[in-house]
Amino acid sequence: MSVDVKIEASWKKVLEEEFSEKYFQDLVEFVKQEYNNSTIYPPAKFIFNAFELTSFDKVKVVILGQDPYHGPNQANGLAFSVNDETKLPPSLVNIYKEIESDLGVKTINEGGSLDSWAKQGVLLLNATLTVKANQAGSHQNKGWEKFTDAIVKILSDKKENLVFILWGNYAQRKGLVIDEQKHLVIKSAHPSPLSAYNGFFGSKPFSQTNSYLIFSNQAPINW
């Protein structure tokens, strides 16, 4: 049985082999059942929002997250991002603080939505793309991680001069497949309040990213 995945065309092309794998077809069936039987985030139409807003050809920067937010009106398919009318999560507060410290200007974002970054080529990729309401990690080890591992590898293999921003041990383990000869990999502590003072604050990922993009003849990101 083939599974028809509604995903932006350039991604559909490079991920065609993954979609035909049995693990992915099993994952699709699991996710469909979960949406039918429980409250799942993000809303189904936003599962592949990161790919919709950042086509494969436009990716310049990849920021890896772990799980979607599991509270109401938070998850919108982009790692670390929430809907504008939603209170900023603590990690995002710290990300905005580091932007101001690093670049000397406040973020361009009015609220918690990071759509503006995604549209400039920042792929905000969570390792797991769905979660059950109020149950962090509830959709881990169902196949999403294998799928997103494949995405990181494809990006590393098929593109050049990307910036991968890996916050925390989980993202850094996921990034082991990245070819550091072809790409810039920025690693630091996670922006969570539990770890931000252990190396996230002062790590200057945003200026490092823009310097590298300019050096490799790409437009910098307006953070």
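Check the entry above for the structure.
What counts, and where the lines are drawn
- Residues numbered from 1 in each chain as written.
- Predicted model: local features only at pLDDT ≥ 70, side-chain atom pairs only at ≥ 80, totals over all residues.
- Heavy atoms only, no water.
- Helix = DSSP H or I, 4+ residues; strand = E, 2+ residues; numbered from the N terminus.
- Rg over C-alpha atoms; globule rule 2.2 N^0.38 Å.
- Buried < 20%, exposed > 50% of the residue type's maximum accessible area, 1.4 Å probe, protein only.
- Contact = heavy atoms within 4.5 Å.
- Phe/Tyr/Trp six-rings, centres within 6.5 Å; stacked < 30°, edge-to-face > 60°.
- Lys NZ or Arg CZ within 6 Å of the ring centre and 35° of its normal.
- Pairing = 2+ DSSP bridges.
- Right-handed = clockwise from strand over helix to strand, strands pointing away.
- Axes fitted to C-alpha atoms, helices over the stretch in contact; angles between N-to-C directions.
- Parallel < 35°, antiparallel > 145°, perpendicular 65-115°, else oblique.
- Nonpolar A, V, L, I, M, F, W, Y, C, P; charged D, E, K, R; others polar.
- Left-handed = near helix turned anticlockwise from the far one by under 90°.

A. Molecular detail of the overall build of the protein chain. Regarding its fold elements, the protein chain presents nine helices and six strands. In terms of overall size, the protein chain behaves like a compact globule, its C-alpha atoms giving a radius of gyration of 17 Å where 223 residues would be expected to give roughly 17 Å. Its C-alpha atoms give the protein chain principal-axis dimensions of about 50 × 35 × 25 Å. Out of the 223 residues belonging to the protein chain, those deemed buried represent 56%. Considering only contacts within the protein chain whose residues lie at least 6 apart along the sequence, 65% involve residues at least 24 apart.

B. Looking closely at the packing of aromatic side chains. In the structure shown here, the tally under the stated rule is 18 aromatic pairs. Between the aromatic rings of W167 and F206, the centroid separation amounts to 6.3 Å while the plane-to-plane angle is 65°, which identifies the pairing as edge-to-face. One end of the pair, W167, is in strand β5 (residues 163-167); the other, F206, is in helix α9 (residues 205-215), and 39 residues separate them in sequence. Across this residue pair, the class does not change: W167 and F206 are buried. An aromatic cluster of at least three residues, connected via ring pairs, comprises W11, F19, Y23, F24, F48, F51, F56, W144 and F147. The ring of F56 has K159 lying over it, and the distance from NZ or CZ to the ring centre is 4.9 Å.

C. Just the pairing of strand β6 (residues 184-188), in detail. In this sheet, β6 lies alongside β5 in parallel orientation, the contact comprising five bridges. Across the sheet, the residue bridging to L166 is K187, located in β6. Taken together, β5, helix α8 (residues 168-174) and β6 constitute a β-α-β crossover, and its handedness is right-handed.

D. Region of the structure containing the packing of helix α5 (residues 90-103) against α9. Running from amino to carboxyl end, α5 crosses α9 at an angle of 60°, the nearest separation of the two axes being 8 Å. As far as their axial angle goes, α9 and α5 are oblique. Contacts between α5 and α9 pair I95, E98, I99, D102 and L103 from the former with P205, F206 and S207 from the latter. A per-class count over the contact of α5 with α9 returns five nonpolar, one polar and two charged.

E. Geometry of the packing of helix α3 (residues 22-37) against helix α7 (residues 144-158). Here α3 crosses α7 at 130°, and the two axes come no closer than 9 Å. Viewed along their axes, α3 and α7 adopt a mutual orientation that is oblique. The element α3 and its partner α7 pack so that their crossing is left-handed. Residue-level contacts link Y23, F24, L27 and V31 of α3 to W144, K146 and F147 of α7. Here the residues of the contact of α3 with α7 sort into six nonpolar, no polar and one charged.

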